[in-house]
Amino acid sequence: MKRIIIPFAILFSALVLTASCLNDDNDDNITYYGDTAITSFSLGTMNRYLTTKALTQVDENGNPLDSVYKETYTGSSYVFTIDQLQREIYNPDSLPLHTDPAHVICTVGTKNSGLLLIKDVDSDTLRYYQSTDSIDFTHPREFRVYANDGSAYRNYTVKLNVHQEDPDSFRWNRVAVDNRFMAASQMKALCFNGNIFIFCQEGTVTKVYKTNKNNSSACTLLDTNMSLDADACTNATVFENMLYTMSDGKVLCSVDGAAWYSSDMVNAVSEGEEYYMPQRLLGGTGHKLYAYDAQGRVLWSDLHGIYWQLDRLLDDAAMLPKQDISLMAMPVATNSSTERIVLVGNPAEGTFATDSVALVWNKVEEYADGSQTHAWMSCNERNGNRLPRLANLQVCKYGDVLVALGGKGEAASKAEPFSHLYVSYDNGLSWQTEDKYVLPEGFDNTGSDVSALAVDEENCLWIFCGANGQVWRGRLNQLGWK
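Throughout this document, residue positions are counted from 1 along each chain, in the order its sequence is written. Only residues with pLDDT of 70 or above have their local features reported here, since the model is predicted, and side-chain atom pairs are shown and tallied only from 80 upward, although totals for entire chains, interfaces and linings are computed over all residues. The basis for every side-chain value is the complete set of non-hydrogen atoms in the structure, without hydrogens or water.

Asks: Got a minute to help me understand the side chain of Asn392 in this structure?
Replies: Residue position: Asn392 is located in the loop between strand E30 (377-378) and strand E31 (394-398). If near-sequence neighbours (up to four positions away) are discounted, Asn392 is found in contact with Gln186, Asp324, Leu405, Gly406, Asp449, Val450 and Ser451. Secondary structure follows DSSP: runs of H or I at least 4 residues long count as helices, runs of E at least 2 residues long count as strands, and numbering of each begins at the N terminus. Should any heavy atoms of two residues lie within 4.5 Å, those residues are considered in contact.

Asks: Is there a simple way to explain unusual backbone geometry in this structure?
Replies: Most peptide bonds take the trans configuration, and most residues that are not glycine carry a negative phi. Here Glu240, not a glycine, exhibits a phi torsion of approximately 50 degrees, which is positive. By secondary structure assignment, the location of Glu240 is in the loop between strand E17 (237-239) and strand E18 (242-247). Of note in the backbone geometry, Asp324 takes a positive phi value of approximately 55 degrees without being a glycine. Along the chain, the position of Asp324 falls in strand E27 (residues 323-332).

Asks: Whenever I open this one, the pairing of strand E28 (residues 335-346) confuses me. Can you help?
Replies: As paired elements, E27 and E28 share eight bridges and run antiparallel to each other. In the sheet register, Gln323 faces E28, and the bridge partner there is Asn346. We treat two strands as partners when DSSP finds at least two bridges between them. Hairpin connection, E27 to E28: the antiparallel pair is bridged by two residues. Across eight bridges, the pairing between E28 and strand E29 (residues 359-366) is antiparallel. Bridging from a neighbouring strand, Val342 pairs with Asn362 of E29.

Asks: It is not clear to me how the sheet that holds strand E24 (residues 289-292) should be interpreted in this structure. Could you clarify?
Replies: Hydrogen bonds between backbone groups are what pair the strands of a sheet, and the pairing can be parallel or antiparallel. On the basis of which strands lie adjacent, the open sheet formed by four strands has the order E23-E24-E25-E26 and antiparallel pairing. Two strands in the sheet have a free side with no partner beyond their single neighbour: strand E23 (280-284) and strand E26 (309-310). Pairing analysis gives four bridges linking E23 to E24, with the strands arranged antiparallel. Its bridge partner lying in E24, Gly284 is registered against Leu289.

Asks: How do you make sense of the state of the cysteines when you look at a structure like this?
Replies: Between two cysteines, a covalent bond joining their sulfur atoms is known as a disulfide. The disulfide criterion used throughout: a pair of cysteine sulfur atoms within 2.5 Å. By the definition in use, this model includes zero disulfides. Looking at Cys219, it has no disulfide partner, and the nearest cysteine sulfur is the one in Cys200, 8.7 Å off. Considering cysteine sulfurs only, Cys200 is the nearest to Cys233, which forms no disulfide, with 6.6 Å between them. Think of it in three bands: residues with accessible area under 20% of the maximum for their type are buried, residues over 50% are exposed, and the middle band is partly exposed, with areas taken using a 1.4 Å probe on protein chains only. With a relative accessible area of 1%, Cys233 lands in the buried category.

Asks: Just to check I follow, could you spell out the nonpolar core for this structure?
Replies: It is characteristic of soluble globular proteins that their nonpolar side chains tend to be buried jointly. Phe41, Leu43, Phe137 and Phe143 are the most contacted members of the largest nonpolar core, which totals 24 residues. Contributions of two or more residues to this core are made by strand E1 (38-43), strand E6 (106-110), strand E7 (115-119), strand E9 (141-146) and strand E10 (153-159). Not counting residues up to four positions away in its chain, the partners in contact with Phe137 are Phe41, Pro101, Ala102, Val104, Cys106, Phe143, Val158 and Leu160. Formed by 20 residues, the second largest nonpolar core is a distinct cluster that contains Leu421, Val423, Leu439 and Leu461. For our purposes a nonpolar core is just a set of buried Ala, Val, Leu, Ile, Met, Phe, Trp, Tyr and Cys residues, chained together by side-chain atoms within 4.5 Å.

Asks: Got a minute to help me understand the sheet that holds strand E11 (residues 170-177) in this structure?
Replies: Judged by pairing direction, the sheet is antiparallel, and its four strands sit side by side in the order E11-E36-E35-E34 without closing on themselves. Unpaired on one side and paired on the other, E11 and strand E34 (451-455) mark the two borders of the sheet. Each strand axis lies, on average, 20 degrees off the axis of its neighbour in the sheet, ignoring direction. Pairing of E11 with strand E36 (residues 470-476) involves seven bridges; the strand directions are antiparallel. Fitted lines through C-alpha atoms serve as axes, helices being fitted only where they are in contact, and the angles separating the N-to-C directions of these axes extend from 0 to 180 degrees.

Asks: How should I be thinking about the packing of aromatic side chains in this particular structure?
Replies: Both the distance between ring centres and the angle between the ring planes are used here to describe each pair of aromatic rings. Here a Phe, Tyr or Trp ring, Trp counted by its six-membered ring, pairs with any other such ring whose centre lies within 6.5 Å, and the pair is stacked when the planes are under 30 degrees apart, edge-to-face when over 60, and tilted otherwise. Summed over the entire model, instances satisfying the criterion amount to 18 aromatic pairs. Between Phe181 and Tyr209, the ring centres sit 5.5 Å apart and the planes meet at 90 degrees, which makes this aromatic pair edge-to-face. Highlighted residues: Phe181 in the loop between E11 and strand E12 (186-192) and Tyr209 in strand E14 (residues 205-212), separated in sequence by 28 residues. An aromatic cluster of at least three residues, connected via ring pairs, comprises Phe41, Phe80, Tyr129, Phe137 and Phe143. Note on criteria: charge over ring means Lys NZ or Arg CZ within 6 Å of the ring centre, with the direction from the centre no more than 35 degrees off the ring normal. Here the guanidinium or amino end of Lys288 rests over the ring plane of Trp300, the centre of that ring lying 3.9 Å away.

Asks: Honestly, the side chain of Asn235 in this entry has me stumped. Any pointers?
Replies: Mapped onto the elements, Asn235 comes out in helix H2 (residues 232-235). Polar side-chain contacts of Asn235 include one of 2.6 Å to the backbone nitrogen of Leu281. The contact partners of Asn235, leaving out residues within four places of it in the chain, are Tyr244, Thr245, Met246, Gln279, Arg280 and Leu281. Throughout this description, a polar contact denotes any pair of N or O atoms lying within 3.5 Å of each other; where both atoms belong to protein, one of them has to be capable of donating a hydrogen while the other can accept it, and for residues adjacent in sequence the pair is counted only when both atoms sit in side chains.

Asks: Honestly, the pattern of salt bridges in this entry has me stumped. Any pointers?
Replies: Side chains that carry opposite charge are capable of pairing whenever their charged atoms lie near each other. By definition here, a salt bridge exists when the distance from a side-chain nitrogen of Lys or Arg to a carboxyl oxygen of Asp or Glu is within 4 Å. Applying the stated criterion to the full structure yields 15 salt bridges. By sharing partners, the salt bridges in this structure join Lys288, Asp311, Lys363 and Glu365 into a single network.

Asks: Please clarify how the confidence of the model for the protein chain should be interpreted in this entry.
Replies: Close inspection of predicted coordinates is inappropriate in any region flagged by low pLDDT. Per residue, pLDDT captures the predictor's confidence, and it can take any value from 0 to 100. In this model, the protein chain carries a mean pLDDT of 89, and residues with pLDDT of at least 70 account for 88%. Ignoring residues within four places in sequence, the model shows residues 15-25, a span with pLDDT below 50, making five contacts including any to other chains.

Asks: I would appreciate a short explanation of the environment of Asp315 in the present structure.
Replies: In this structure, Asp315 sits in the loop between E26 and E27. Residues Asp315 and Trp376, 61 residues apart in the sequence, show an inter-C-alpha distance of 7.6 Å. Sequence-distant contacts of Asp315, defined by excluding residues within four places in its chain, comprise Trp361, Trp376, Met377 and Ser378. A polar side-chain atom of Asp315 sits 2.7 Å from the main-chain amide nitrogen of Ser378.

Rendered as structure tokens:
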């Protein structure tokens, strides 16, 4: 009974005081409203407690002890959603990890200055809310707002979302071991329709394995309807919701990795007296499929790899990568109809013996009506942070960056095999290693330069090892958040 009386006593007192203070000739101008709502919600200064290693305090073994320190940030920069239909208030963008939710100052606005109360954590008692109160948001809290005429009220559940993971932490799991990968001399992995397809070159043929991204404990060897030659492994790519490759000089496509069909109804397009025929697929984007012809020129097709056109180069074609090639499309943030296409790979084996870096090219593709066409250009200026020339180099788009992995250093490169994930934030112009992008603990591909790298639809990074058949899946925490 007490918890019911308290809020009404508070409300009645407030109304009496209001009436007594305004008891003059203007009484007829007082307006009371029957509608009620919470109209705004924001946080004040928030506390965050972080742990570091003490500089002077050590344990009995001489190891630095943990030291906790506090930092603050502006809580009002995190916008809160007020769902009037469900009567819920929450922050879609979670507060940083290690934020203290137990001591929170917040500012709440109500319609027509309605009376606001908050329910106790451990009882149904309602207490008058004050903007200077420190509120415990460890669990969702219930607010109640009364209309200023006392005729109605609304309850709201307020939830404070706080990140429980370090956004910059990379978590890995070894999900399988498949010894059949140890027979591969080349590997390439592609994510397609919720599955990972692994193309393995074994001698003069290519075998295709499939594993589901959610049930990766075993890989299935696909029974293909035709024999794929050794080149089918390095030619494999995804384009227009299909798998593509080249075998015996023909462009092939498949929807399941098992049944392959030729897409070469013509496989060439005439310009004047010259015909352009693909010899090596480079990769596909959401709009075009790219290839080299026999002269090493870049071709493109936007119709199932049937008709091919010659692309333009601004720099010497001799500097195009010839092996270990990866092609990625990087969206341009300022224009939804524009992409930057990045081509990364190594020179042909035995060439440029004094070089220690991989070759990087890119071009801008605009797809809006009336857009101009752009040419490929080399990005191999000497900036001191170029990608090392690594055996069996693998590169993929991961979130907003490019990630690269490879075996031993080739030619003049002294890079150690599989020592780092190399990361580029600027579309391949410069590369670096950092603690955020790390290889899994226990990762070992000793004795082989063969591996495959892929990214699935849920931003999980996959590594397939040719030395021992290990299969690893990992993700940067922030890329797993909705």
